[in-house]
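Observations on the model geometry
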Amino acid sequence: MLSLRHQVALLAIGVVLFLDVLRVFLPSLITLFGRAGSTAPELMGLYAAAWFVLPFLALRLKPRWAVLGGAVALVLARVLLQAGVSQLYVASAGVSAGLVFLYGCARTTTRAAAPVGIIGGVACSVLGHLLLDGVDLVWRPGLLAWAAVLGLCAAFLVLARTAGADPAGDASARAGGDGGLAPAGTWFLVGPVLLLAGMAATGYAKAAVGPSVIGWDALLQVAALVAATVLASRVSHSPAFDAAAAVLLVCFTVLLLLPSSGSTGLGLSGAMVLLWTGPVLAASAQRPAGGRQGVAVLGGGLVFLVATFGYYASYDLDLGIPNQVWPVTVAVVAAVVAVRPGRPRPLGPRVRRRVWPAVAVAAALMVLVAATNWRPPPANRPLGGDTIKLVAYNIRMGFGLDGRLSLDDIAAWAAAQKPDVVLLSEVDRGWLLNGGHDDLARIARGLGMRYYFAPAADNVWGDALLTNLFVRGVHSHRLGGHDYPTGAQAQAIVLGVGPHELGIVNTHLQAPAGQAPEVAAMVRALAAGRDAAEAGPRSRVGNGLMRPVILAGDLNIRPGDPEMRVLERAGLSDPLLALGDPPTSPADAPTERIDHVLISDGLTAVSAEAPRVPFSDHLPVVATLRLTSVDQQG
């Protein structure tokens, strides 16, 4: 029979590799298979489901061959992804391989090893994500990334080979050795725990203004993950403790999903969700054995898939229920499975728990995370001269035409333009569906700029302003839905330009017919001298011009559309018409211009273009504008 530490290490590394593949599979569905909405969602869902159903064929395999075969296939997929080979299909096959491996583990892993192995793998994956500043090894070229991946894969295969050479392991466990196999409920919880932990680790509301000097939210996560891993290997507590842990998991999941102003970046709710997954898994392992562990872990994988797609599909389809219902329901199911009636059984021999080593590990990791994430905030600077360079870019959550994460490429390209202002659309600050990256923090770091985030669909998806000019006011105004599920906002901005002011409206229109009049009202309000908070979509002011205004972003409006006439009546003009009228979408073969930089009186266009860069499915608009009369009353 394999030792307890061997089982824990094998399972934890397998979970790390599985999450690596999953973070590629999910965004590849959107960017490569779905092509950002051009593929029917039903077809995309069927494609994804096929790779979660295929592992049920492993029910015909002996457990030791499922462990070894799944491990070999998972390693092959992970190495090919590092090489950038056939990303969509390799990641898809890797997901199936990971589930087959977990199926084998479910048939051979003891109740003492399963909870700590599962949550330990989640903890290692999240900690690696934090230390790598959200850009995982799979997106990083170079020898160091390759060495780390190959080393991890080699260790995993050595452990899996030993497991495969132990044909009596599962029989010994079934007979009661080391406390017996973990019950089916523990393995069913793998899918729910991956969903909840994945959302909690990155999907919490982040500070709207940054960057911050110290990432307190990351430090909280480190402490929560270490504590969760320790609690997963704990001695049995009272049923009251288990019930309290289950209730707290549900409560903090609810809090995680509540709308936030973004005024704090602590991420306390996310850290608490991570914390309570540990004791919930441990409680489930103490339930009576029985059930079919292999079927349970594959069924939990289906729960992960259905809840993930249900949650994110609600942004584009009206499913008749709030999307927050999906993860909350999953948390409730996890709580019920963990504390269902039955006489608890002890976990049996376990990895010995000591408090002080865990505290020391947590402290060391917190120092390391703080050191790798610390950056001094950029300084404000005045505008030199009377020209301002602006970039407006729909970055498609940071994924390029090849489906690979392009945040560093976007930052490097934008920095080379030497812009004064950068306006971004489709900014993702932690969606699990897109791999859990904070696009804004990474791009701002590459540009050396301050950022101002404006949530649109939820707490972590929206638009952003980046600049080191003096920001005299910035406020995000909610736009009307007009029967379109995805939310939209318009960011009203007032910049200081010497002693004068420049107004900007930064937006990504989802329902242009209804939202164009709303942003037109905001343009008029800013032009008439209203401050950012007062310049809302229902402002009623005259057409006086106290400051020049720019309206920019992915407007989903073509130059000849009726909505453009609405914007023209607000005093805006389209400088790109006289400068080549370059199309911006789709980026690989652009045929239409739906991304704009529109300007009012008081501004003239020195130059404007839509460079052919492959870092999104849109092309950016780069405009150099001259302020001809900033103070219209002077």
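An account of the accompanying structure is given in this report. All of these numbers come straight from a predicted model, not from anything done at the bench.

**A closer look at the overall build of the protein**
The helix and strand inventory of the protein stands at 19 helices and twelve strands. Against the globule reference of 26 Å for 634 residues, the protein gives a C-alpha radius of gyration of 26 Å, in line with a compact fold. Taken over the C-alpha atoms alone, the protein extends approximately 90 × 45 × 45 Å along its principal axes. Expressed as a percentage of its 634 residues, the buried residues of the protein come to 58%. Long-range contacts, defined here as pairs at least 24 residues apart, represent 78% of the contacts in the protein between residues at least 6 apart. When the accessible surface of the protein is split by element, carbon and sulfur atoms take 63% of a total near 23400 Å². Averaging the coordinates of the 46 positive side-chain charges in the protein and doing the same for the 40 negative ones gives two points 14 Å apart.

**Thoughts on the sheet that holds strand E8 (residues 500-507)**
Strand order in the open sheet formed by five strands is E6-E7-E8-E9-E10, with mixed pairing between adjacent strands. Pairing within the sheet leaves two strands with one partner each, and these edge strands are strand E6 (470-478) and strand E10 (595-599). Strand-to-strand twist across the sheet, computed as the mean angle between neighbouring axes with direction ignored, equals 15°.

**Here's the deal with helix H5 (residues 114-131)**
For H5, with 18 residues, the first-to-last C-alpha span of 26 Å sits near the 26 Å given by 1.5 Å per residue. Among the 18 residues of H5, 15 are classified as buried, and the element is accordingly described as predominantly covered. Directly beyond the C-terminal end of H5, a positive phi value near 60° is found at Asp 133.

**Focus: the pattern of salt bridges**
The final tally for this structure, using the stated rule, is 17 salt bridges. Residue Asp 136 is joined to Arg 23 by a salt bridge in which the shortest nitrogen-to-oxygen separation is 3.8 Å. Taken together, the positions of Asp 136 in the loop between H5 and helix H6 (143-164) and Arg 23 in helix H1 (residues 4-33) put the pair 113 residues apart, joining distant regions of the chain. Assigned by exposure class, Asp 136 and Arg 23 land together as buried.

**Digging into the nonpolar core**
Phe 25, Trp 187 and Leu 466 are the most contacted members of the largest nonpolar core, which has 154 residues in total. Considering each element in turn, this core owes the most residues, 17 residues, to H1. Apart from the residues within four sequence positions on either side, Leu 466 is in contact with Asp 420, Val 421, Val 422, Leu 424, Leu 440, Ile 443, Ala 444, Leu 447, Met 449, Arg 450 and Tyr 451.

**Looking at the pairing of strand E4 (residues 450-458)**
The pairing of strand E1 (residues 209-210) with E4 spans two bridges and is antiparallel. Opposite Val 209, over in E4, you have Tyr 452 as the bridge partner. Of the pairings in the sheet, the one linking E4 to strand E5 (residues 461-467) comprises seven bridges and is antiparallel in character. Considered in E5, the bridge of Pro 455 is made with Gly 462.

**Notes on helix H10 (residues 216-232)**
Taking 1.5 Å per residue, 17 residues should reach 24 Å; H10 reaches 24 Å between its end C-alpha atoms and fits that length. Looking only at H10, the buried set comprises Asp 217, Ala 218, Leu 219, Gln 221, Val 222, Ala 224, Leu 225, Val 226, Ala 228, Leu 231 and Ala 232.

**Side note on the packing of helix H9 (residues 190-202) against helix H14 (residues 325-339)**
The contact between H9 and H14 brings their axes to 10 Å, and the two run at 130°. When the axis of H9 is compared with that of H14, the two are oblique. Along this stretch, H9 crosses H14, giving a crossing that reads as left-handed. Residues Pro 192, Leu 195, Leu 196 and Met 199 of H9 form the contact with H14, whose participating residues are Pro 327, Val 330, Ala 331 and Ala 334. Tallied by class, residues from the contact of H9 with H14 come to eight nonpolar, no polar and no charged.

**Examining empty space enclosed by the protein**
In total, this model carries four cavities of 30 Å³ or more according to the counting rule given. Taken together, 17 residues line the largest cavity, and the ones lying closest to its centre are Leu 19, Arg 23, Ala 197, Gly 198 and Leu 432. Among the elements of the structure, H1, H5 and H9 are those that each provide at least two residues to the lining of the largest cavity. It is H9 that provides the largest number of residues to the lining of the largest cavity, a total of five residues. Residues that form the lining of the largest cavity fall into these classes: ten nonpolar, six polar and one charged.

Rules used in this analysis
- Sequence order sets the numbering: in each chain, residues are counted from 1 along the sequence as written.
- Only residues with pLDDT of 70 or above have their local features reported here, since the model is predicted, and side-chain atom pairs are shown and tallied only from 80 upward, although totals for entire chains, interfaces and linings are computed over all residues.
- Side-chain metrics in this entry use all non-hydrogen atoms of the structure; hydrogen atoms and water are not considered.
- Where helices and strands are cited, they refer to DSSP runs of H or I of at least four residues and of E of at least two residues respectively, numbered from the N terminus.
- For the radius of gyration, the atoms used are the C-alpha atoms, and the globule rule reads 2.2 Å times the number of residues raised to 0.38.
- Partly exposed describes any residue whose relative accessible area lies between the buried limit of under 20% and the exposed limit of over 50%, with all areas from a 1.4 Å probe on protein chains only and scaled to the type maximum.
- Any two residues whose heavy atoms approach within 4.5 Å are treated as being in contact.
- Accessible areas in this description were obtained via Shrake-Rupley with a 1.4 Å probe; residue shielding takes into account the shown protein chains only.
- When charges are counted, Lys and Arg contribute as positive and Asp and Glu as negative, whereas His and the chain ends are disregarded.
- The atoms used to mark charge sites are NZ of Lys, CZ of Arg, CG of Asp and CD of Glu.
- Strands pair, by our definition, only if DSSP identifies at least two bridges between them.
- Structural elements are reduced to axes, namely lines fitted to C-alpha atoms, with helices fitted over the stretch in contact, and the angle between N-to-C directions of any two is expressed from 0 to 180 degrees.
- One less than the residue count of a helix, multiplied by 1.5 Å, gives the span that helix is expected to have.
- Only one rule defines a salt bridge in this text: a Lys or Arg side-chain nitrogen within 4 Å of an Asp or Glu carboxyl oxygen.
- Only buried residues count toward a nonpolar core. Its members are Ala, Val, Leu, Ile, Met, Phe, Trp, Tyr and Cys residues joined through side-chain atoms within 4.5 Å.
- Roughly parallel here means an angle under 35 degrees, roughly antiparallel means over 145, roughly perpendicular means 65 to 115, and every remaining angle is called oblique.
- Whether a crossing is left-handed or right-handed is set by the direction in which the near helix is turned from the far one by less than a right angle, anticlockwise for left-handed and clockwise for right-handed.
- For this classification, the nonpolar set comprises Ala, Val, Leu, Ile, Met, Phe, Trp, Tyr, Cys and Pro, the charged set comprises Asp, Glu, Lys and Arg, and every other residue, Gly included, is treated as polar.
- Cavities and pockets were defined on a 1 Å grid built over protein atoms only: a cavity is a set of grid points that admits a 1.4 Å probe from which the probe cannot escape, a pocket is an open set flanked by protein on both sides within 12 Å along at least five of seven lines, and lining residues are those with an atom within 4 Å of any such point.
- Grid points are joined across faces, edges and corners, and a volume is the space filled by probe spheres set on the points.

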